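These are the residues of each chain, in order.
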Amino acid sequence: MKVAFLIQCHKNADQVNKLIERLNSSQDGYCTDFYVHVDEKSEIINDIRRQDNVVVLSKRVDVKWGHISQVDATINLIEATMNARKGYDFLWLISGQDYPIKSNKEIAEFLEANKGKSFIELLPTEGDAHRRYLKRNQTWYPTWGASPIFIMRVLRKIYNILTGGKYHSFIKRKNVLNAEWRFGSQWWTLTEEACRAILDLSADGSYRDYFKNCICPDESYFQTMLWNSPLRAMLTGNNLCYVDWSEHKKNPKVLDEEDFDKLIESDKFIARKIELDGKSKTLVSKLNMDVLG
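Quick notes on the rules
- Residues numbered from 1 in each chain as written.
- Predicted model: local features only at pLDDT ≥ 70, side-chain atom pairs only at ≥ 80, totals over all residues.
- Heavy atoms only, no water.
- Helix = DSSP H or I, 4+ residues; strand = E, 2+ residues; numbered from the N terminus.
- Rg over C-alpha atoms; globule rule 2.2 N^0.38 Å.
- Contact = heavy atoms within 4.5 Å.
- Areas by Shrake-Rupley, 256 points an atom, 1.4 Å probe, with all protein chains shown as cover.
- Lys, Arg positive; Asp, Glu negative; His and termini not counted.
- Charge placed at Lys NZ, Arg CZ, Asp CG, Glu CD.
- Expected span 1.5 Å × (residues − 1).
- Buried < 20%, exposed > 50% of the residue type's maximum accessible area, 1.4 Å probe, protein only.
- Core = buried A, V, L, I, M, F, W, Y, C linked by side-chain atoms within 4.5 Å.
- Phe/Tyr/Trp six-rings, centres within 6.5 Å; stacked < 30°, edge-to-face > 60°.
- Axes fitted to C-alpha atoms, helices over the stretch in contact; angles between N-to-C directions.
- Parallel < 35°, antiparallel > 145°, perpendicular 65-115°, else oblique.
- Left-handed = near helix turned anticlockwise from the far one by under 90°.
- Nonpolar A, V, L, I, M, F, W, Y, C, P; charged D, E, K, R; others polar.

## Focus on the overall build of the protein chain
Per the secondary structure count, the protein chain includes 10 helices and 11 strands. In terms of C-alpha radius of gyration, the protein chain reaches 19 Å, essentially the compact-globule figure of 19 Å for 293 residues. Viewed in the frame of its principal axes, the protein chain has a C-alpha envelope of about 55 × 40 × 35 Å. The long-range share in the protein chain, meaning contacts at least 24 apart out of those at least 6 apart in sequence, stands at 75%. Surface summary for the protein chain: the accessible area is close to 14,200 Å², and the carbon and sulfur share equals 50%. Between the centroid of the 42 positive side chains of the protein chain and the centroid of its 40 negative side chains there is a distance of 6 Å.

So, in structure tokens, the structure goes:
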């Protein structure tokens, strides 16, 4: 079982190094490699610990919230991994603020039992939530509008109202991709076959050209591409990452020791967001001692 972890990060090199150390394995037929993309704006690149199985990409992207640059960074990671030609069973996209909540042994056993499947979230296609997501793809958004800062969030709300409201578009973009839109989390665990399909379908630039004027394209680009491919039957519809959105903010909750029981009872394998030098410090210590060994 060969697994490549694709890590997107921008801060706290020590936490990234400890994440790699915890996931690193070369025993019992389970081997892991790591491909790391450091945001071009970040200065931590020289602090990521180099090892034989850790590749830090020199091709870097200035990653912006809600912007096509999120997709570009992921594509760069996939390309670097596939170019290594190591025959991975899975490519697993995570962030530098993730942390495992199951042991390497449990992860290896699960993946071995599910070879050939791809774990990517596919949100339901009914109700207001889906209509809100459709608005992201059906409406043309200027690239400068992809920003989490307050003034841009206000301008986006005004723009949404002017173009039809939260759930509708007065003027829908032509679906030049002839695709059925699907949405879900940007974090996934895919087979090498699925990742090869992503690169092949991305090659002519048509997907990027369309999605560059969508909001949060990383939460639809890969779902839509694979759903409309011959690999649809191998998509599980869920991913392996535990995230808590209960605070209803633009970012998920930073997990702490009060979340410990929920994490170990979960059927997920990775959790986010983790702040190792802050709110999550005690939680991670407990995971290391009681779960991860």
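## Describing helix α2 (residues 69-83)
Counted at 1.5 Å a residue, the expected span for α2 with its 15 residues is 21 Å, and the 21 Å between its end C-alpha atoms agrees. Among all positions in α2, only Ser-69, Gln-70, Val-71, Asp-72, Ala-73, Thr-74, Ile-75, Asn-76, Leu-77, Ile-78, Thr-81 and Met-82 are buried. Those residues of α2 hidden inside the fold are in contact with β1 (2-9), β3 (30-38), β5 (90-95), α6 (192-202), α7 (206-211) and α8 (221-227). Backbone geometry just downstream of α2 places Arg-85 in the positive-phi region, at approximately 55°.

## Here we look at the nonpolar core
Nonpolar side chains tend to gather and get buried jointly when the protein is soluble and globular. Ranked by size, the top nonpolar core spans 42 residues in total, and within it Phe-5, Ile-7, Leu-23, Val-36, Val-38, Trp-92 and Ile-94 carry the most contacts. Looking at which element gives the most residues to this core, the answer is helix α1 (residues 13-23), with five residues. In this structure, Tyr-35, Ile-78, Ile-120 and Leu-231 belong to the second largest nonpolar core, which totals 40 residues.

## Let's talk about helix α4 (residues 127-138)
A rise of 1.5 Å per residue sets the reference length of α4, with its 12 residues, at 16 Å; its end C-alpha atoms lie 16 Å apart and thus fit the reference within 8%. If you check which residues of α4 are buried, you get His-130, Tyr-133, Leu-134, Lys-135, Arg-136, Asn-137 and Gln-138. The inward-facing, buried residues of α4 contact α5 (150-162) and α7.

## Some thoughts on the packing of aromatic side chains
All chains considered together, the criterion is met by 15 aromatic pairs. When the centroid spacing of 5.6 Å and the interplanar angle of 15° are considered together, the rings of Phe-5 and Phe-34 count as stacked. Here the residue Phe-5 occupies a position in strand β1, and Phe-34 occupies one in strand β3, the gap between them amounting to 29 residues. Both residues of the pair, Phe-5 and Phe-34, belong to the buried class. Geometrically, the ring pair formed by Tyr-141 and Tyr-159 is tilted, given 5.5 Å between the ring centres and 50° between the ring planes. With Tyr-141 in the loop between α4 and α5 and Tyr-159 in helix α5, the pair connects residues that are 18 residues apart, well separated along the chain.

## Description of the environment of Lys-212
Relative to the helices and strands, Lys-212 is located in the loop between α7 and α8. The exposure class of Lys-212 is partly exposed, given its relative accessible area of 33%. In this structure the C-alpha to C-alpha distance between Lys-212 and Asn-137, which are 75 residues apart in sequence, comes to 9.9 Å. Apart from residues lying up to four places away in sequence, Lys-212 is in contact with Ile-68 and Thr-143.

## Quick look at the packing of α2 against α6
Here α2 crosses α6 at 120°, and the two axes come no closer than 10 Å. Here α6 runs oblique to α2, going by the angle between their axes. For the pair α2 and α6, the sense of crossing is left-handed. Across the interface between the two elements, Ile-75, Ile-78, Glu-79 and Met-82 of α2 pack against Glu-192, Cys-195, Arg-196, Ile-198, Leu-199 and Ser-202 of α6. Of the residues in the contact of α2 with α6, the class split is six nonpolar, one polar and three charged.

## Looking at the environment of Tyr-30
Its place among the elements puts Tyr-30 in strand β3. The spatial distance from the C-alpha of Tyr-30 to the C-alpha of Lys-2 is 6.1 Å, given a sequence separation of 28 residues.

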